[in-house]
Amino acid sequence: MSILKEFREFALKGNMIDMAVGIIIGGAFGKVVTSLVNDVIMPPIGTLVGNVDFSGLSIPLREAAEGKTEVLLRYGAFINTLVDFLIVAAAIFVVVKAMNTLRRKNEEKPAEPAAPTPQEKLLTEIRDLLKSRS
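Predicted model, so just to flag it, every value in this text is computed and none were measured. Per chain, residue numbering runs from 1 following the sequence as it is written. It should be noted that, the model being predicted, local features are given only for residues of pLDDT at least 70 and side-chain atom pairs only at 80 or more, the latter also being counted only at that level, while totals for whole chains, interfaces and linings use all residues. Derived side-chain values reflect all non-hydrogen atoms in the structure, with water molecules and hydrogen atoms excluded from consideration.

Draft legend 1. Representation of helix H3 (residues 75–108). Note on conventions: DSSP H or I runs of at least 4 residues are helices, E runs of at least 2 residues are strands, and numbering of each starts at the N terminus. In this scheme, a helix's expected span is set at 1.5 Å multiplied by one less than its residue total. With 34 residues, H3 extends 48 Å from end C-alpha to end C-alpha; this agrees with the ideal 50 Å at 1.5 Å per step. For H3, the complete set of buried residues consists of Gly 76, Asn 80 and Asp 84. With a 1.4 Å probe rolled over the protein chains alone, any residue whose accessible area is under 20% of its type maximum counts as buried; one over 50% counts as exposed, and the rest are partly exposed.

Here it is, written out as structure tokens:
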């Protein structure tokens, strides 16, 4: 089997397409969460803390000098990214929890017993006839 044929079979499987759609939606969701954190959540928190812009918080490690750029430890950007992560993690937790709940409901439904085969029906009738003769 050629490599191209194997790759085509792999790429056209439903799981691969589902995964691609999930990655695209996840990327878009990440942008929405980043905007939510940077533009909606952090400004009020910064205002409550004392008009602090978290994205600009940093500690200079080396001052700019003679053609060298300043080196900064940007802990404010890290705080924004950490809040991003916590929101995404919470959203994924909610989705996984809902999926697990649905899966458990489907597993809890008892399967209907299989209908007896024609041979079983015939054997049951024979057994009942033999019992009635005794």
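Draft legend 2. Geometry of the pattern of salt bridges. Each reported salt bridge corresponds to a side-chain nitrogen of Lys or Arg within 4 Å of a carboxyl oxygen of Asp or Glu. As enumerated under the stated definition, the model contains one salt bridge in all. Between Asp 128 and Arg 127 there is a salt bridge, with its nearest N and O atoms 3.2 Å apart. Here Arg 127 falls in the partly exposed class, since its relative accessible area comes to 44%.

Draft legend 3. Local environment of the side chain of Asn 80. Position of Asn 80 among the secondary structure elements: in helix H3. Polar contact criterion, stated in full: a pair of N or O atoms within 3.5 Å, where within protein one must be able to donate a hydrogen and the other to accept it, and residues adjacent in sequence count only if both atoms are side-chain atoms. At 3.2 Å, the side chain of Asn 80 and the side chain of Asn 38 are in polar contact. What makes two residues a contact is simply this: any of their non-hydrogen atoms within 4.5 Å. In this structure Asn 80 touches Val 37, Asn 38, Met 42, Phe 54 and Ser 55, once residues within four positions along its chain are discounted.

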